[in-house]
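Understanding the architecture of this molecule
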Amino acid sequence: MPGRLDDVIGRLLLQAAVLLHRTVAGRAATERLQQRRNAALRAAYRHGIPVEELAARMRLSPGWVRQVLAGKRPPAVEEAA
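Residues numbered from 1 in each chain as written. Predicted model: local features only at pLDDT ≥ 70, side-chain atom pairs only at ≥ 80, totals over all residues. Heavy atoms only, no water.

For the pair helix α2 (residues 27-46) and helix α4 (residues 62-69), interaxial distance at closest approach is 9 Å and the crossing angle is 95°. Put simply, α2 runs roughly perpendicular to α4. Packed against α2, whose contacting residues are Arg37, Asn38, Leu41, Arg42 and Tyr45, the element α4 presents Trp64, Val68 and Leu69 at the interface. Taken together, the residues of the contact of α2 with α4 break down into five nonpolar, one polar and two charged. (Axes fitted to C-alpha atoms, helices over the stretch in contact; angles between N-to-C directions. Helix = DSSP H or I, 4+ residues; strand = E, 2+ residues; numbered from the N terminus. Parallel < 35°, antiparallel > 145°, perpendicular 65-115°, else oblique. Contact = heavy atoms within 4.5 Å. Nonpolar A, V, L, I, M, F, W, Y, C, P; charged D, E, K, R; others polar.)

Counting eight residues, the largest nonpolar core is built from Leu41, Val51, Leu54, Ala55, Leu60, Trp64, Val65 and Val68. For this core, the elements supplying multiple residues, two or more each, are α3 (51-58) and α4. (Core = buried A, V, L, I, M, F, W, Y, C linked by side-chain atoms within 4.5 Å. Buried < 20%, exposed > 50% of the residue type's maximum accessible area, 1.4 Å probe, protein only.)

In this section: the pattern of salt bridges. By the definition in use, this model includes two salt bridges. For the salt bridge of Arg11 with Asp7, the shortest nitrogen-to-oxygen distance reads 3.5 Å. Placement of both Arg11 and Asp7 in helix α1 (residues 2-25) is noted, with a separation of four residues, approximately one turn of the helix. (Salt bridge = Lys/Arg side-chain N within 4 Å of Asp/Glu carboxyl O.)

Written as structure tokens, this is what we have:
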């Protein structure tokens, strides 16, 4: 019986690992997170936070933040400020 219980627990842990891998490590998941981040940046800007402060807090260049605010696709490599 202990062997069967270990097998069931092992398979459940494997399913949890697969679920986490697909939701956190996938390309689509990364893009979704970046879209949410960009939406939050735009919302903060609309609520009066200046570009320079957004860039400093995100540790990105002001030019990169301006591209996101304008709705353009930022460079593939995110540059540090």
